[in-house]
Structure formats: C-alpha cells, structure tokens
Amino acid sequence: MSEKSKEILKIAGIIFLAVFFLVLSWDSALIESPTFDEPVHLCSGYSYWTGNDYRMNPENGNFPQRWAALPLLFRKLNPPSLYRDPIFESNQWLSSHEFFYKLGNPSDALFADARFMMILISLLTGLSVFIVSKKIFGWSGAFVSLFFFVFSSNMIGNGHLAVSDMSAALGFILSAVLASRLLSLVDIKGLLGLGAALSLLFLSKMSAPIIVPAILIMLLLKLRSATPLVVKLFRKEFHFRAPRGIAAFFCLSLLFSFLLVYLSIWASYGFRFAMCKGDTHNESALNWQMIQKNESGFSRGAIDFMRERRLFPEAYLYGYQYVIAKSKHRCNFLRGERSLSGRWYFFPYVFIVKSPLPFLLLLAAAIFLIVCARGGKTVWESCQLENSGQDSNARNTMQANATLMSLGILCAVYLLFAVASRINIGLRHILLLYPAAFIFMGSLGRFLISGKNPFLRSSILILMAVYAFEALWIHPHHLAYFNQLAGGPSNGYKELVDSSLDWGQNLPSLKKWLEEHNRTDPDKIYLSYFGTASLPHYIKGRVLPSYMGQASEPFKLGAGTYCVSATMLSMIYLRELFQGLDYGDFVKTCQSPAEIDSEMETLFSALGKQDRLKRLISERGESYWLARYRLYSLANFIRVAKYLQGLEPTAQPGYSTLIYELKQEDIEKAMKIAVDPSADVL
C-alpha cells in the first residue's frame, strides 16, 4: 500500500470514529430530558448574551454557558421576568423554569441546539486526545486512544449535556499538556496556546485553580532533571541550564499566560465589575450576605479584598464564594448509606464501578507499560515509530516523557483534591481523569501492529471489543452505566444517585414505558421526580414531593403506579424541599400525626365542592392549607419511600426511575411506618 493510500485510510478512520461518536451522542441527546442543571445553565448563557446580566449561575463557567446558548440567539424567544426587571432578586431555578416551560418557548428544540454545541466540545476533546497520543505513541497509539474515547459511556453520557464538565476536562488536559511543552520550549505559539487553554479552564469551572499546584510540581521535577529550557523569541534562541534561570523565565512565561486569562475573564463579563447593568451595588439582588454569613478566614478575606478593589468581575468573585460556601456540607449517598460529610473513598469507588472492566484492566496494563522499562527502554521510547533521525527521536522522546508525566501529575493532584472534598455527588466531577487515561491507553498501540506476541494482541483486541459492546448495549442510557462489580445498571440505584445515575434525564423513557404498559390514568400515576424539567410537559399524574414545586391538586395516596426517581428514593435532599415551611411544624407533625391527618380529611372532603372549599379556605387562609398539605405530603412521602426501599422495583425504564405497582394494602402498611425527622431528613 502506498504512503498516500495509508494517509487516506488514517484520515478515513478518524472521520469514521468521530462520526460514530457524534451519532451516539446526538441520539442520546434527543432521547433524554434536560438534566437538573441544564435549564439554568442554558438560561444563564442566554442572559449573558442578550441582557449582559450575570446574576444567574455565576458559580458555573461563563464560557460553556455562553457556548451552549449561542444557537438561541438566532431564535425569537420570550425572556423571563428576570431580564425585564434588573433589580429583581435572582432565583435562577424559577427563572429558567419560566423561560423554558411557561412562556411558549420551544424548550425541546432549544435543548437540542445547546446539546449539539456541547457535542462539538466533546469532539474537540476527542481530537485533542488523538493528537496528544499520536505525538507520544504514533498513529497506532492515537487510534487506540480515540477508540476508547469514542466508546466511553462516560464521555457519551456527559459529553452532550449543556453543562460545564466536558469543557473543564478539556481545559485541564490542554493546560497540563501545554504547560509541559512550555517547560521544554518557550515560544509565542506555546505562550498563546497555554494562555488560551488556561482561559478555557478558568472560564469553565471554579475548580480551575487546582491546575496551579500541578504546574508547580511539573516545574520542580523539571529543575531536578538537569535538562535545558529552550527559548525562541524574536528570531533568537536562548538556552537556560541553571535552575534559577529556568525557574525565573518559566514563571515569567506563566505570568504572561495568566495575564491572558485575566483579560479573558474581564472580556467574558463585558469588562464590567457589577453583575447587573449599571454600577449600582445591590446587596439584596446579589445575596452576598447570605453566602458569606458563615464564612470567615482566608477565603472570605481574599474575596472581600478583590471585591473591594474590583480586581475581578463581581459575578466571578461571587461564583467562587458560592462554591466555597456550598462545599462545606452536602448530603451524599453511597451504597445505601447517606452522609453529610465527604468520604475519601467516594470518588475512587465511583471511578471503579462506573468504568467498564475491560477498560480498567487495559488501563492498568497501559500504566504498567509506561512506568516500567523493558530492555533499557521505556514504552514511549519504543513507540516513536514515525520519527526519523536520532536527535529528533531523542527530543520527541523527552517531550513525550514530559507530557505523560504532566498528565500523571494532573490526575494525582486532582484526585487528591477530590478525595479531600466534601462534595460527593457524581462522576462528572472527576471527568478529566478519562481523557488522560485514554492517552495512557495509547501505549497499547504497538502491540496491535506487532506480530511478535499474538496472544497479547488477541487479548487486547478481545477486551477492546467487549468494551465497545458494553457502550452499544447500554445505549442510549450511558449516564446510568455501572459495571459488573456494582451489579450492572439495574443495581445502580443501590450504589449511587444524583448525576452518577439519576439527574432528571429519564422522563421520555418513563413516558414511553407508561404508554407501552397502558398506564394512562393520571389519577393512578404517582410521580416523584429529581430534576428541573416540567413534569406536565412529559407526563400527567399525581405529583409526590419533587423539585421546582411541581405540585398537583391535593390528593390522598392510593393504589397505583408509583414512579420514583432513584435520588428521591434515597431521600438525600429532602431538607431542600422544606423551603418556605417551618421545620419545627414538621417535627410536631411527625410526633403527633393525628391532628394533621384529621385536617387533611377535612380538606379532601371539601375538594370538588366549591362553596365548602371556599369557606374552609376563608377560615384560616390559603397559605395555611398549602403549608399544612406540604407537611402532610412530605411526611407521607418519607413513609412511602422507606416502604419502597424494602421492595424490588417492577421496572426501571432508563435505570434511573424506579416503578412500583402498589395496592391499597401496601399504602396502608406504608402509612404505619414511623417518621424520625432527625434521622430521615439530614
């Protein structure tokens, strides 16, 4: 085969894998309902573009929100009340719910547009994995890396969502790779490239500062390696060999890159300090007092210092303060147990059970090959198959070494922060580990083109085939993937919840199941949904305690089909549903249920009888009865959830929604279960 034919074949292979990933991601994007964070991310991006208003969702990245919202600018949409009243205190969740479901905007089309934009980010991440792997391991390694990216359920499941996780992962990977290059060669291309990568990172996720200690560790290792730093600027070349000279010039180069980051941050907020239009400082609208009421020490002092001197846009500083405040305590779920404090083993466990077993086996083999030397040469030295010339080969080997080392340092530092974190939510928070792992997998490429060890080659190919099969088998429910160690996706709800399994994406699958099984009577369908999408937009039924105040008319629990999100079944976020209620009243309700049961019987008997209902409401007021019904509904939901936890679900459409067929006798048994507020509501 001629060299030209080989090149054409390689390009065709890249295009085929990219299109395959696009098809899988797009199909999942069209089938799933919006996840919990997507409406507010997309609405926020739209407000940044059209209103120059940065009150919504400043705790998440400005760039991915703007990027996802770009297609919305070409549609004529009705804005929510937030944009019409700049002094209005921002409630981003209610504003986004109004924008997509109450103003006549085509919500399904808007989310499809936004998700396509995020798939482009995912494709760029895959291309970056391919390019980096090619520079280290050659064409064979690059195709192995790209293969694992394309058939990764974690990439497909998270990559099409209109949130910030994939763009942050891309920013981390590019920053580490380009920083390692800058430690060997400083030139204009490298300075601008690192500045762009760091800008992407710092405008995507508030965890971006983690890259700083990783780069400093890279610098320390560089100083110990006794290799020179080459500087090519203004048509001149300099070589720094002394550690002080290397450290000084690299720090200056890094400072230049961070100056580009600083300018990018200001540009993203329209070079304006205030969140709202104008320079009026509105404490009520910005909620600074709320997020700082329990904050003290260095973080608050540093943010106050920068805020008073307007060193960064106010929204950017507010986002950091918000993340710090919310990271102190958050309820989490792992293997049937709830906790308010972080568990050091949470993310390692998540990585293990959410990754296919063939992937874990081959990753271990790849790392072994990278770390261990054979015959005096490490694997990247033997993989420079496309390079010619001894000097060129040596330089490429040195840079490959540095790149692999930088990715390893990044993963180690990031995992260290993740292990220490109290925010134990989902795999998406360690998503960057996967692109790095796929690059490491490129070390297996040489065994696939070599005929020296047929057994090893066949073993790798079989494991890769099983890996791809699992991705196709779980499609389109990639977010719900669990491997065999966890019992598979059908057992996932017993292991993890929230964005590791159930993030609100499953309403279309639930709707399809109900229709196929002739469950069409809304009075017999009971729904408890963890998400911010509109339930009536998909399914009609009686709404149990759920998010976004998606309540139906007051009702009494009865026999029927109970559809409960896995996260709601775990009861980890129940306290958030008490907004606007007196928690002390709930405790009294649980201790003495007879009084509220009697009140609710009176309310239920008045339903459908207008005169009697008006008289009942006039006696104590509508707000009283709404609050009492919510307390009653929450207490009964806890009883039902505790009862359902002892049963196996009838079905699991999409794996994240659990369906139970309950008879009246089941409801009666559930209502006898005691509610312990201190134990049941964390």
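Look up a bit, the structure's there.
Conventions and cut-offs
- Residues numbered from 1 in each chain as written.
- Predicted model: local features only at pLDDT ≥ 70, side-chain atom pairs only at ≥ 80, totals over all residues.
- Heavy atoms only, no water.
- Helix = DSSP H or I, 4+ residues; strand = E, 2+ residues; numbered from the N terminus.
- Buried < 20%, exposed > 50% of the residue type's maximum accessible area, 1.4 Å probe, protein only.
- Lys, Arg positive; Asp, Glu negative; His and termini not counted.
- Salt bridge = Lys/Arg side-chain N within 4 Å of Asp/Glu carboxyl O.
- Polar contact = N/O pair within 3.5 Å; in protein donor to acceptor, adjacent residues only side chain to side chain.
- Contact = heavy atoms within 4.5 Å.
- Core = buried A, V, L, I, M, F, W, Y, C linked by side-chain atoms within 4.5 Å.
- Expected span 1.5 Å × (residues − 1).
- Phe/Tyr/Trp six-rings, centres within 6.5 Å; stacked < 30°, edge-to-face > 60°.
- Pairing = 2+ DSSP bridges.
- Axes fitted to C-alpha atoms, helices over the stretch in contact; angles between N-to-C directions.
- Parallel < 35°, antiparallel > 145°, perpendicular 65-115°, else oblique.
- Nonpolar A, V, L, I, M, F, W, Y, C, P; charged D, E, K, R; others polar.

A. Here's a closer look at the environment of alanine 420. Structurally, alanine 420 is set in helix α19 (residues 390-420). When the C-alpha atoms of alanine 420 and alanine 214 are compared, they prove to be 16 Å apart, with 206 residues separating the residues in sequence.

B. Representation of the side chain of lysine 354. Tracing the chain through its elements places lysine 354 in the loop between α16 (346-353) and α17 (357-371). Here lysine 354 sits buried without a salt bridge, and the closest side chain of opposite charge, glutamate 32, lies 10 Å off (N-O distance). Polar side-chain contacts of lysine 354 include one of 2.9 Å to the backbone oxygen of tyrosine 481. If we skip the residues at most four places from it in the chain, lysine 354 touches Asn154, Leu427, Tyr434, Leu479, Ala480, Tyr481, Phe482, Leu496 and Ser500.

C. Up close: the nonpolar core. Counting 209 residues, the largest nonpolar core has Phe148, Phe202, Phe359, Phe438, Tyr562 and Phe586 as its most contacted members. The element contributing the most residues to this core is helix α6 (residues 107-150), with 18 residues. Look past the residues within four positions of phenylalanine 438 in its chain and what remains in contact with it is Val129, Ser145, Phe148, Phe149, Ser152, Met155, Phe359 and Tyr467.

D. Layout of helix α9 (residues 188-202). The end-to-end C-alpha separation of α9 is 21 Å, in line with the 21 Å expected for 15 residues at 1.5 Å each. Taken together, the buried positions of α9 are Gly190, Leu191, Leu194, Gly195, Ala197, Leu198, Ser199, Leu200, Leu201 and Phe202.

E. Local environment of the packing of aromatic side chains. Counting across every chain of the model gives 49 aromatic pairs. Measuring from ring centre to ring centre gives 6.3 Å for phenylalanine 359 and tyrosine 467, while their planes differ by 25°; the resulting arrangement is stacked. You can see phenylalanine 359 sitting in helix α17 and its partner tyrosine 467 sitting in helix α22 (residues 454-474), a full 108 residues away along the chain. Residue classification places phenylalanine 359 among the buried residues on the basis of a relative accessible area of 1%. Here tyrosine 467 falls in the buried class, since its relative accessible area comes to 2%. Ring geometry for phenylalanine 578 versus tyrosine 583: centroids 5.4 Å apart, planes at 75°, classification edge-to-face. Given the relative accessible area of 7%, phenylalanine 578 is considered buried. Within the aromatic cluster, the residues linked to one another by ring pairs are Phe16, Phe20, Phe21, Phe147, Phe148, Phe149, Phe151, Phe351, Phe359, Tyr434, Phe438 and Tyr467.

F. Fine view of the environment of phenylalanine 100. One can find phenylalanine 100 in helix α5 (residues 92-101). Judged by relative accessible area, which is 1%, phenylalanine 100 ranks as buried. When the C-alpha atoms of phenylalanine 100 and proline 348 are compared, they prove to be 37 Å apart, with 248 residues separating the residues in sequence.

G. The sheet that holds strand β6 (residues 525-528), seen in detail. Pairing is mixed in the open sheet, where four strands are placed in the order β7-β6-β8-β9. The open sheet has two free edges, formed respectively by β7 (542-543) and β9 (657-662), since each of these has just one partner strand. Across four bridges, β6 lies against strand β8 (residues 560-565) in parallel orientation. What sits directly across from tyrosine 526, in β8, is tyrosine 562.

H. Region of the structure containing the packing of helix α2 (residues 38-51) against helix α3 (residues 62-69). Contact pair α2 / α3: the axes reach a minimum separation of 7 Å and the direction vectors enclose 85°. Classed by the angle they form, the pair α2 and α3 counts as roughly perpendicular. Residue-level inspection shows Val40, His41, Leu42, Ser44, Gly45, Tyr46, Tyr48 and Trp49 of α2 in contact with α3, the latter providing Asn62, Gln65, Arg66, Ala68 and Ala69. Residues belonging to the contact of α2 with α3 are distributed by class as follows: seven nonpolar, five polar and one charged.

I. Structural detail: the side chain of glutamate 470. Within the secondary structure, glutamate 470 sits in helix α22. The side chain of glutamate 470 sits in the buried core without any salt bridge; lysine 354 is the nearest counter-charge, 11 Å away. Polar contacts involving the side chain of glutamate 470 include one to the side chain of tyrosine 481, which spans 2.6 Å. Beyond its immediate chain neighbours, meaning those up to four positions away, glutamate 470 contacts Pro356, Leu357, Pro358, Tyr481 and Gln484.

J. Region of interest: the pattern of salt bridges. This structure, assessed with the given rule, holds 20 salt bridges. Among the ionic pairs, arginine 335 bridges to glutamate 495, the shortest N-O distance being 3.5 Å. Residue arginine 335 is found in the loop between β4 (332-334) and β5 (337-339), and its partner glutamate 495 is found in the loop between α22 and α23 (507-516); the two are separated by 160 residues along the sequence. On the basis of relative accessible area, glutamate 495 is assigned to the buried category, the value being 7%. For arginine 542, the salt bridge is made with aspartate 523, and the minimal N-O distance between the two is 3.7 Å. Pair noted here: arginine 542 is in strand β7 and aspartate 523 is in the loop between α23 and β6, with a separation of 19 residues, a long-range link. The network of salt bridges with shared partners includes Asp37, Asp165, Lys205 and Arg428.

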